[in-house]
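# Examining the three-dimensional arrangement
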Amino acid sequence: MTPEHQRRFTAFVAAEVAVCAAALVLVLLREGSDAFAGTRLVDLLVLCILAIIAEVLAVEFADRVTVTAANLPILLAMVFLGPAPAMIVAAVAGLWACWRESSVQIAAFNAANYVFPALLGALAFQSLQTSLAIPLDRVTPQLLLGGAVAAVVYEFTNLGAAGVGVYLAYGRQPRVYWRDELGPFLRSLALLTGVGLMVAALYALAGIVAVVVLFLPLFASQYTFQLLVREKQHLGRQKRLTEQYLEMNIGLAAAMIVLLDSKDHYTARHCAAVAMYCRDMGTALGLPEAQVEALHLAGLLHDLGKVGTPDAVLGKEGRLDEVEWESIHEHPMKGAEVLSHLVAYRDVADIVQYHHERLDGSGYPLGARGGEIPESAKILAVADSYHAMTSDRPYRHAMSSFEALKVLRYNAGKTYEALYVETLAQILRDKDLAYRDGTSTDFMDEYERGRVSLRLRGAVFEAAAEAAADAADGGAPAAVTGTRSV
Ligand SMILES: [Fe+2]
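Summary of the structure given here. (Residues numbered from 1 in each chain as written. Predicted model: local features only at pLDDT ≥ 70, side-chain atom pairs only at ≥ 80, totals over all residues.)

### A word on the overall build of the protein chain
Basically, it comes down to this: We count a stretch as a helix when DSSP gives it H or I for four or more residues in a row; a strand needs E for two or more, and each element gets its number in order from the N terminus. To sort residues by burial, count the other C-beta atoms lying within 10 Å of each one's C-beta; a count of 20 or more means buried, 12 or fewer means exposed, and anything in between means partly exposed. C-beta atoms are built from the backbone. Each residue gets a C-beta atom placed from its backbone, and two residues are in contact if those atoms lie within 7 Å.
Helix and strand counts for the protein chain stand at 20 helices and 2 strands. When the 486 residues of the protein chain are sorted by exposure, 42% land in the buried category. For the protein chain, the proportion of contacts with a sequence separation of at least 24, taken over those separated by at least 6, is 73%.

Okay, here's the thing in structure tokens:
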């Protein structure tokens, strides 16, 4: 809150509290001892207790909607007990709801937002009662009409004052606030009017004891709803933690590739291009979405193991000797080992481990053949070899896309799976030069895509949270959305 907003809000709260206090004094002066006569005092006490229990069981969810049955005792007080008792029940409920607020000012505003609407609702009912001669000891259309009017006045005043308060406190346009609150407001109004009139009819026919009996199952359902919402919040926290964990995982792997790129500038560019070809090949082959995502990530991280390869070997211009080849041959295993420790990458680790294996067993590090090699690793091998051949390397110049495809086709069925060679050839056919030589993307672009995919892997938690939310939504049979607060 800015100092200007603070000042205006303070003035508004002071005015609202003063109006409530003055109205209470005026009503008490006007009604005198009638205000709390006879059995009404017992009823007032019971309604206050019911309002407190309703507030204790209130559940806040979706950040701004509170589910509480406290409006029902307030409505009964507005209709059957009059303005002063209605204000007292509203004040008890409001103060109980607000005592946890760290700001006295906001607590006072929210409490006044229970009391002021209750006063206006009770006065509206009173004027109708006078003009229509509404009896309070039996159910008549006039009684129900008066109750509905009191509920509508209460809800509209509450929404209106909350909008003004939010504007004064935070500068948010009341029109926007009211538009955003319209859904919860209409639900609240419909429930307060519907359930409230039923409770009012019961009170008129059978008195306060029957109302208490009715409130027992209402509170039980509200308690169940509270448990469901807590469960949902727990799942929400779990989902956030999972997302953070997945983010951390991919962030860690990306940091390793960036580290590798600082040793060998070619690597990050190469990984990005291979990831792009892998994704497009997986999609063209009609693979399941999860497999395409794993393939894309594997492309992005397939040379991670080269972090452990000496710089002299990575940048060597001449032929590699036997020892140097050995250190190169270790990189699929090293990369797979790092990834296997990260739970989100276990399926990716397998692809990385086999990406230099060849159909005829001439690859490394295991010399695996044909069916021993995962299909995704065979796809990655084609994309990897194609981009390696079409890139300038310290020991040779780049081949053209046409020449590289010729080499791949020559080896199709021997070292590379023919179907995957043709899939890549089909994809490249109508693409521009930037795509063909892998410069149409970069590591950060592909990294972002991988990050989004990993987020989606957390969807299982989201689905569980959604299921709990649905259960919670369906499990609030008699709850009434309550007074809006700032
Ligand atoms: Fe590799």
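### Brief notes about the nonpolar core
Heads up, the condition is: Under the definition applied here, buried Ala, Val, Leu, Ile, Met, Phe, Trp, Tyr and Cys residues are grouped into a nonpolar core through C-beta atoms within 7 Å.
Formed by 78 residues in total, the largest nonpolar core has its most connected members in Ile 74, Leu 76, Met 78, Ala 86, Val 89, Val 115 and Ala 118. Going through the elements one at a time, α1 (3-31), α2 (39-56), α3 (71-81), α4 (83-98), α5 (104-132), α6 (141-170), α7 (174-206) and α8 (208-263) are the ones with two or more residues in this core. Counting residues per element, this core draws most heavily on α5, at 14 residues. Beyond its immediate stretch of four places on either side in the chain, Ala 86 contacts Ile 74, Ala 77, Met 78, Leu 81, Ala 118, Leu 119, Gly 121 and Ala 122. Listed in part, the 48 residues of the second largest apolar core include Met 281, Tyr 345, Leu 359 and Ala 383.

### Some remarks on helix α15 (residues 375-389)
The following threshold applies: By this rule the span expected of a helix is its residue count minus one, scaled by 1.5 Å.
Given a rise of 1.5 Å per residue, 15 residues ought to cover 21 Å, and the 22 Å separating the end C-alpha atoms of α15 matches this to within 8%. Across the 15 residues that make up α15, a large majority, 12, are buried. When we look at burial in α15, the residues that qualify are Ser 376, Ala 377, Lys 378, Ile 379, Leu 380, Ala 381, Val 382, Ala 383, Asp 384, Ser 385, Tyr 386 and His 387. Contact partners of the buried residues in α15: α9 (266-284), α10 (289-301), α14 (346-353), α16 (401-411) and α17 (418-429).

### Structural notes on the packing of α15 against α17
Here is the rule: What counts as an axis is a line fitted to C-alpha atoms, over the stretch in contact for a helix, and the angles between N-to-C directions run from 0 to 180 degrees. Here is the rule for angles: anything less than 35 degrees is roughly parallel, anything more than 145 is roughly antiparallel, 65 through 115 is roughly perpendicular, and the remaining ranges are oblique. By definition, any crossing whose near helix is turned counterclockwise from its far helix by less than a right angle is left-handed, and any crossing with a clockwise turn is right-handed.
In contact at an axis separation of 9 Å, α15 and α17 are set at 50° when each is read in the N-to-C sense. Between α15 and α17, the angle falls in the class oblique. Like other packed secondary-structure pairs, α15 and α17 cross with a definite hand, here right-handed. Side by side, α15 and α17 meet where Lys 378, Ile 379, Val 382, Ala 383 and Tyr 386 of the first sit next to Tyr 420, Val 421 and Leu 424 of the second.

### Comments concerning unusual backbone geometry
Along the chain, Tyr 364 connects to Pro 365 via a cis peptide bond; the corresponding omega equals 5°. As for its position among the elements, Pro 365 is in the loop between α14 and α15. A positive phi angle, close to 50°, is found at Ala 133, a residue other than glycine. Within the element layout of this structure, Ala 133 appears in the loop between α5 and α6. Judged by local crowding, Ala 133 falls into the exposed class, with 9 C-beta atoms found within 10 Å.

### What about the environment of Leu 433?
With respect to the helices and strands, Leu 433 occurs in helix α18 (residues 433-436). Owing to 10 C-beta atoms within 10 Å, Leu 433 belongs among the exposed residues under this scheme. In sequence terms Leu 433 and Ser 401 are 32 residues apart; their C-alpha atoms lie 8.8 Å from each other.

### Some remarks on α4
For α4, with 16 residues, the first-to-last C-alpha span of 22 Å sits near the 22 Å given by 1.5 Å per residue. The buried count for α4 comes to 15 of 16 residues, which makes it a mostly enclosed element.

### Observations regarding the packing of α5 against α6
Short version of the rule: For this classification, the nonpolar set comprises Ala, Val, Leu, Ile, Met, Phe, Trp, Tyr, Cys and Pro, the charged set comprises Asp, Glu, Lys and Arg, and every other residue, Gly included, is treated as polar.
With their axes 8 Å apart at the nearest point, α5 and α6 run at an angle of 150° to one another. When the axis of α5 is compared with that of α6, the two are roughly antiparallel. α6 is crossed by α5, and the crossing has right-handed handedness. Residues of the contact of α5 with α6, tallied by class, amount to 16 nonpolar, 8 polar and no charged.

### Some details on the environment of Ala 336
Within the fold, Ala 336 resides in helix α13 (residues 331-340). Through-space distance from the C-alpha of Ala 336 to that of Leu 301 is 9.4 Å; in sequence the pair is 35 residues apart. If near-sequence neighbours (up to four positions away) are discounted, Ala 336 is found in contact with Ala 349, Val 352 and Gln 353.

### Regarding the environment of Tyr 203
Tracing the backbone shows Tyr 203 in helix α7. Separated by 67 residues in sequence, Tyr 203 and Leu 136 place their C-alpha atoms 9.1 Å apart. Residues in contact with Tyr 203, not counting those within four places in the same chain, are Leu 76, Phe 80, Ile 208 and Val 211.

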